[in-house]
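One letter stands for each residue in the lines below.
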Amino acid sequence: YVTFKNLGITATGAATCIGVNVQSGSNYNNFLLLNIRVSEVLTVTTCYGVGICGSTYSTTSTGGYNLFQYCTIIGGYLGVSMYGPSSTSFTFGNRIKNCKIVNPYSYGIFSYYQSNDTLADNRLQMRATTTTNYCIYAYYNQNCVFDRNIINNGQYMGMYIYYCNTLGSGRMSI
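Counting starts from 1 at the beginning of each chain's written sequence and moves along it residue by residue. Under the rules for a predicted model, residues below a pLDDT of 70 receive no local features and side-chain atom pairs below 80 are neither given nor counted, while totals for whole chains, interfaces and linings still include all residues. Hydrogens and water molecules were not included; the side-chain quantities draw on all heavy atoms of the structure.

Another point: the overall build of the chain. Check the secondary structure of the chain and you find zero helices and 20 strands. It is over C-alpha atoms that the radius of gyration is taken, and the globule rule equals 2.2 Å times the number of residues to the power 0.38. Relative to the compact-globule value of 16 Å for 174 residues, the chain shows a C-alpha radius of gyration of 14 Å, a close match. Each principal axis of the C-alpha distribution contributes one length, and for the chain these read about 40 × 35 × 25 Å. Every accessible area reported is derived by Shrake-Rupley at a probe size of 1.4 Å, with residue values counting cover from the shown protein chains alone. Just so you have it, the chain exposes about 7,500 Å², and 48% of that area is on carbon and sulfur atoms. Numbered from the N terminus, helices here are DSSP runs of H or I no shorter than four residues, and strands are runs of E no shorter than two.

Structural data, given as structure tokens:
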């Protein structure tokens, strides 16, 4: 139940650079009007702007009902990573809204094992030098809403959607 507002965050480490990491148990937080900059040179998975994940982009966090709104996220291997526990146990209610995600290397938004999330009104500008990037990558999500996102420089896939109705009643709106 914490609000972070009007902050500038720079993380440009030589091997690891993480702007904001929301760990398990961190619920109902608001991140408003943040300027997050991580390395635009590193191409390693330990470099991302926002992670609702464990200590790496592909480890679990149950942090739910968090809001990132009106943020600018620059650089990283990934812009945003949201990684829940499993295909039968999801992380719930996270929202990425009205954000600018600029120059991530491989993934703009990486969403794994999520439920009831909202990705809306975001602008994604992928790194032009990468030919195998995914602008929005959604895997085993349910009941999520992906609306009015604008994607630029998607060199490989604008959206990759895989098993995003796993429980049959868990419908997606894209």
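What the six strands build is an open sheet, ordered β2-β5-β8-β12-β16-β19; its pairing is parallel. The sheet is open, and its two borders are formed by β2 (8–11) and β19 (150–152), each paired with just one other strand. Direction aside, neighbouring strands of the sheet carry axes that sit 5° apart on average. Two strands qualify as a pair provided DSSP detects at least 2 bridges between them. Across four bridges, the pairing between β2 and strand β5 (residues 35–38) is parallel. Across the sheet, the residue bridging to T10 is R37, located in β5. Between the N-to-C directions of two axes lies an angle of 0 to 180 degrees, each axis being a line fitted to C-alpha atoms and, for a helix, fitted only over the stretch in contact.

Take the state of the cysteines next. The disulfide criterion used throughout: a pair of cysteine sulfur atoms within 2.5 Å. One pass over the structure, following the stated rule, counts one disulfide. Here C17 is linked by a disulfide to C47, with a sulfur-sulfur distance of 2.3 Å. Judged by the torsion about the S-S bond (-90°), the C17/C47 disulfide is left-handed. Of the two residues, C17 sits in strand β3 (residues 17–21) while C47 sits in strand β6 (residues 47–52), which places them 30 residues apart along the sequence.

With that settled, consider the sheet that holds strand β13 (residues 107–112). Where strands meet in a sheet, backbone hydrogen bonds hold them as pairs that are either parallel or antiparallel. Strand order in the open sheet made by the six strands is β3-β6-β9-β13-β17-β20, with parallel pairing throughout. In the strand order of this sheet, the two ends are held by β3 and β20 (157–162), each with one partner. Between one strand and the next, the sheet's axes are offset by a mean angle of 10°, whatever the strand orientation. Bridge analysis of β3 against β6 gives four bridges, and the strand direction is parallel. If you follow V20 over to β6, its bridge partner there is V50.

A separate point is the nonpolar core. Among the nonpolar cores identified, the biggest contains 25 residues, and V20, F68, V80, M82, I96, I109 and L119 are the most heavily contacted of them. Counting residues per element, the ones that place at least two in this core are β6, β9 (78–83) and β17 (134–139). Considering every element that reaches this core, the biggest residue donor is β17, with three residues. Setting aside anything within four residues of it in sequence, one finds F68 in contact with V20, V22, F31, V50, I52, R95, I96, K97 and C99. Here, nonpolar core refers to any group of buried Ala, Val, Leu, Ile, Met, Phe, Trp, Tyr and Cys residues whose side-chain atoms link them within 4.5 Å. Think of it in three bands: with a 1.4 Å probe and only protein chains considered, a residue is buried below 20% of the maximum accessible area for its type, exposed above 50%, and partly exposed in between. Y112, Y134, Y139 and Y140 belong to the second-largest nonpolar core, a separate cluster that totals 15 residues. Residues are treated as being in contact if the distance between any of their heavy atoms lies within 4.5 Å.

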